[in-house]
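Here's the letter readout for the chains.
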Amino acid sequence: MEIIKTAGLTKNFKRFKKQAGMIGSIKGLIRREYEEKQAIGNLDLTIQEGEFVGLIGPNGAGKTTLVKMLTGIIAPTCGSVSVLGYYPNDLEHEFKQQYAVVMGQKSQLFFELTVEDTLRLFKEIYGLPEEEYESSRDYFVKLFQVQDLMHVQVRTLSLGERMKMELIAALLHNPKIIFLDEPTIGLDAVASKQIRGFLAEINERRGTTIILTSHYMEDIKALCKRSIVINHGCKIYDGDTEKLFERFQKFKKITFTFSEPTLLPNLEFDARILEQTPYKKVIMVPKENAAGLLRELMNLLPTDITVEEEEIGTIVERIYQEGGDGLA
Amino acid sequence: MRGRIKRNLRMVRVLINLRLQNLMMFRLGFFGPFFVDSCVFLVQLCVFEVIYSNVDRIGTWGKGQMILYIGTFSMINAINMVIYFFGINGIPDKIKNGDMDLYLTKPGSPLLRLTFERINPGSVPLLFLSGVIISYGIKEGGIKITPILVLGYVFWVAVMAVLYYLVEVLIRSFTFFILTSGNTIILEEAGLTLCMQLPGIVFYGVYKVIFYVILPYGIMATIPVQFLTGELTLSGALWGILVAAAFTILTAFVWKQGIRHYNSASS
């Protein structure tokens, strides 16, 4: 069942263009020049119920603008958008009752009070009966393992703990869709991994549709079967996450370790040496040539071999740079 | 409809509850405003004392009516300070910083939440002090109190407190359209300061248009006092209701349009 559908969705922002210096400021007082910036252009999108979709894009690509249009925070300039059968910017109560949004950089918790206090407010906002509230709260408190943190001041929580609480607050009313805008921003590897685990479970067990924007490709790769890449407001890829990374994964990094000092022969296969000591050689090679290189260097009798994929950041950089020619 | 009202009332109760708990986390933050607001109030009283020790009448009003006027304006202002001022005053910043996002994505009215989320118990003493001034004015003016008179006066104070609220919301809603609405707020403050000291009956011509129609602070305390002293005419009463109704429609319209116009802030 289609839960989100957009067609030709466009959002333009008008911004004041000021010339430099005092003269520019005075000119701006008399005759103002504006420029139109297209944050999202002509975007067609369909998301099915229960999907876990990743929105990827560099800063200013339009990811957050898209989320804001889907949640009704801002109105589109043109095009159509339907979320759960509603036009989001009508901001109908029945619509808002069915989704949740978590913004990594904006907290919805009361910092001086406890999480339990904030949850009580949300219980009233969403009109949850006491029994449903308690059962939902207890489920998430157990899932996120935060039993000991419910009665401490929010301001004393670590970033990771606070994000778990933000998620509990967002999930309390069992929304059909949850929009997550950079939920792991600033979190360490352990906390990010935990959050990813919880999100996967919520998607699987509760069938909640999740739209995730993140700069951390580990999040997208680990969670989202489907990815949408946006750049300059346009969709440049929409499809399987594995395929996306496979396509832009162009090199393999191979590390050879030797028990005795070893010299490398002249390398073919477009290989590039990244690091070289008498006992260790790190070589980058196009993935299609990796097998050939391995075969050749096996003759040197290495004691250990590690084959690694390229760093995820490098792949993402390539996706943005190459723009997704022929991808969309 | 009834369910929605019930839910809103429950939400208001929780908001007030949370605000009080929040304030009680800091002892100085909780008790400090009681002292500060009372001092500010006493300073204002001193100003009035200085003015009215030099003049006997302002317009057609004598000392008793003027004391009533000061008490009534203080009462409306105290209601404003206790219930909604601090919540409403934060609207421009929330629009500029994009913090309205979290209000718009939650069920229920964002304005209701903004209105009641920052109540200020520190101003409660002002309500009592204003009550004392009003009682003194009634005594000084030789007004014979009847239940109808009290009910009518309470009604007009309530209507004018709502009007005060509407004007505040309206002015702050301009930030949805023009981010630098600070100058409008300065105008509001100047008008308020003037009308706190001068009753609406002294305004004529263009000043009357300004303070009876555009920034209706001129009628806010004047109409309740006129009712109490038996000076309120039918046309005056109708004008009060008309202005309150017009501002209700205008504020609701501007607020709704403002939300549609809201562009959030870049993250």
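Just so you know, these numbers come straight off a predicted model, no measurement behind them. (Residues numbered from 1 in each chain as written. Chains lettered and ligands numbered in written order. Predicted model: local features only at pLDDT ≥ 70, side-chain atom pairs only at ≥ 80, totals over all residues. Heavy atoms only, no water.)

A. View of the overall build of chain B. Counting its secondary structure elements, chain B contains 14 helices and 0 strands. Put simply, chain B runs from its N terminus to its C terminus through helices and strands in the order α-α-α-α-α-α-α-α-α-α-α-α-α-α. For chain B, the C-alpha radius of gyration of 19 Å lies close to 18 Å, the compact-globule estimate for 267 residues. Oriented by its inertia axes, the alpha-carbon framework of chain B measures out at about 60 × 45 × 40 Å. The burial tally for chain B puts 51% of its 267 residues in the buried class. Taking the contacts inside chain B whose residues are at least 6 apart along the sequence as the reference set, 80% of them involve residues at least 24 apart. If you sum the accessible surface of chain B, you get close to 13,100 Å²; carbon and sulfur atoms cover 70% of it. A distance of 13 Å separates the average location of the 21 positive side-chain charges in chain B from that of its 12 negative side-chain charges. (Helix = DSSP H or I, 4+ residues; strand = E, 2+ residues; numbered from the N terminus. Rg over C-alpha atoms; globule rule 2.2 N^0.38 Å. Buried < 20%, exposed > 50% of the residue type's maximum accessible area, 1.4 Å probe, protein only. Contact = heavy atoms within 4.5 Å. Areas by Shrake-Rupley, 256 points an atom, 1.4 Å probe, with all protein chains shown as cover. Lys, Arg positive; Asp, Glu negative; His and termini not counted. Charge placed at Lys NZ, Arg CZ, Asp CG, Glu CD.)

B. Examining the overall build of chain A more closely. Per the secondary structure count, chain A includes 11 helices and 13 strands. For chain A, the spread of C-alpha atoms along the three principal axes comes to 70 × 60 × 45 Å. Of the contacts made within chain A by residues no fewer than 6 positions apart, 70% connect residues no fewer than 24 positions apart. Accessible surface, chain A: about 15,600 Å² in total, of which carbon and sulfur atoms supply 49%. In chain A, 41 side chains carry a positive charge and 47 a negative one; their mean positions are 6 Å apart.

C. Layout of the domain arrangement of chain A. According to the domain assignment, chain A consists of domain 1 (49-246) and domain 2 (251-309). Summarising the inter-unit geometry, the C-alpha centres of domain 1 of chain A and domain 2 of chain A are found 43 Å apart. (Domains from an automatic or database assignment.)

D. View of the sheet that holds strand β13 (residues 304-309) of chain A. Residue and element names in this part refer to chain A. Pairing is antiparallel in the open sheet, where 4 strands are placed in the order β11-β12-β10-β13. A strand with exactly one partner marks an edge of an open sheet, and here the two such strands are β11 (272-276) and β13. Averaged over neighbouring strand pairs, the angle between their axes works out to 20° when direction is ignored. Pairing geometry for strand β10 (residues 251-257) and β13, over 6 bridges, is antiparallel. Bridge pairing in β13 links K252 to E309. Strand contacts of helix α10 (residues 290-298): β10, β12 (280-286) and β13, with the helix running at about 10° to β10, the strand carrying the most contacts. (Pairing = 2+ DSSP bridges. Axes fitted to C-alpha atoms, helices over the stretch in contact; angles between N-to-C directions.)

E. Representation of the interface of chain A and chain B within the structure. The partner chain B presents 31 residues to the 33 residues of chain A that form the contact. The contact between chain A and chain B buries some 3,000 Å² in all, and 59% of this surface belongs to carbon and sulfur atoms. Its largest share of buried area at the contact with chain B, chain A owes to H93(A), E124(A) and I125(A), together 20% of the area lost on that side. Across the contact surface, chain A and chain B share 4 salt bridges. K68(A) is the partner of D101(B) in a salt bridge, and the nearest nitrogen-oxygen pair spans 3.7 Å. On the surface where chain A and chain B come into contact, there are 12 residue pairs in polar contact (both at pLDDT 80 or more). Contributing elements (two or more residues each) for the side of chain A that touches chain B: β1 (2-16), α2 (63-70), α3 (93-96), β5 (99-103) and α4 (115-125) of chain A. (Buried area = accessible area lost by both parts, 1.4 Å probe. Salt bridge = Lys/Arg side-chain N within 4 Å of Asp/Glu carboxyl O. Polar contact = N/O pair within 3.5 Å; in protein donor to acceptor, adjacent residues only side chain to side chain.)

F. Representation of the environment of G142(B). With respect to the helices and strands, the residue G142(B) is situated in the loop between α8 (124-141) and α9 (147-173). Placed 106 residues apart in sequence, G142(B) and V36(B) show a C-alpha to C-alpha distance of 33 Å.

G. Molecular detail of the sheet that holds β1(A). All names here are of chain A. Spatially, the 3 strands line up as an open sheet ordered β2-β1-β4, and their pairing is antiparallel. Taken across any chain shown, the strands that pair with only one partner, and hence form the sheet edges, are β2 (34-48) and β4 (78-83). Averaged over all pairs of adjacent strands, the angle between their axes in this sheet comes to 25°, without regard to strand direction. Judged from the 5 bridges that link them, β1 and β4 form a sheet pairing that is antiparallel. Following the sheet pairing, I4 is matched in β4 by V83. Where α2 meets the sheet, its contacts fall on β1, β2 and β4, and the angle it forms with β1 comes to roughly 120°.

H. Structural context of the nonpolar core. Counting 97 residues, the largest nonpolar core has I4(A), L66(A), I177(A), F179(A), M160(B) and W255(B) as its most contacted members. For this core, the leading source of residues is α9(B), giving 15 residues. Ranked by size, the runner-up nonpolar core spans 62 residues in total, among them V102(A), I125(A), I195(A) and V229(A). (Core = buried A, V, L, I, M, F, W, Y, C linked by side-chain atoms within 4.5 Å.)

I. Geometry of the environment of I219(B). Residues and elements named next belong to chain B. For I219, the position within the fold is in helix α12 (residues 217-220). Residue I219 is classed as buried on the basis of its relative accessible area, which comes to 1%. Residues I219 and N89, 130 residues apart in the sequence, show an inter-C-alpha distance of 22 Å.

J. Molecular detail of helix α3 (residues 63-83) of chain B. Between its first and last C-alpha atoms α3(B) spans 30 Å; for 21 residues at 1.5 Å apiece the expected length is 30 Å, and the two agree. Burial within α3(B) is extensive, with 19 of its 21 residues counted as buried. (Expected span 1.5 Å × (residues − 1).)

K. Region of interest: the packing of aromatic side chains. Inspection of the entire model under this criterion finds 17 aromatic pairs over all chains. Both rings, one in Y69(B) and one in F73(B), keep their centres 6.0 Å apart while their planes meet at 70°; by these two values the pair is edge-to-face. Highlighted residues: Y69(B) and F73(B), both in helix α3, separated by 4 residues, approximately one helical turn. Through a chain of ring-to-ring contacts, the aromatic side chains of Y86(A), F95(A), Y99(A) and F179(A) assemble into a single cluster. The ring of F245(A) has K221(A) sitting right over it, with the charged end atom 5.3 Å from the ring centre. (Phe/Tyr/Trp six-rings, centres within 6.5 Å; stacked < 30°, edge-to-face > 60°. Lys NZ or Arg CZ within 6 Å of the ring centre and 35° of its normal.)

L. Examining the pattern of salt bridges more closely. For the coordinates displayed, the defined rule picks out 20 salt bridges over all chains. The shortest N-O distance in the salt bridge between R120(A) and E130(A) comes to 3.1 Å. Of this pair, R120(A) sits in helix α4 while E130(A) sits in helix α5 (residues 130-144), placing them 10 residues apart in sequence. You can call R120(A) partly exposed: its relative accessible area is 29%. With a relative accessible area of 33%, E130(A) lands in the partly exposed category. A salt bridge links D238(A) to K235(A); the nearest nitrogen and oxygen atoms lie 3.2 Å apart. Judged by its relative accessible area of 26%, D238(A) is partly exposed. If you follow the salt bridges from partner to partner, you end up with E116(A), R120(A), K123(A), E124(A), E130(A), R137(A), D138(A) and R10(B) in one network.

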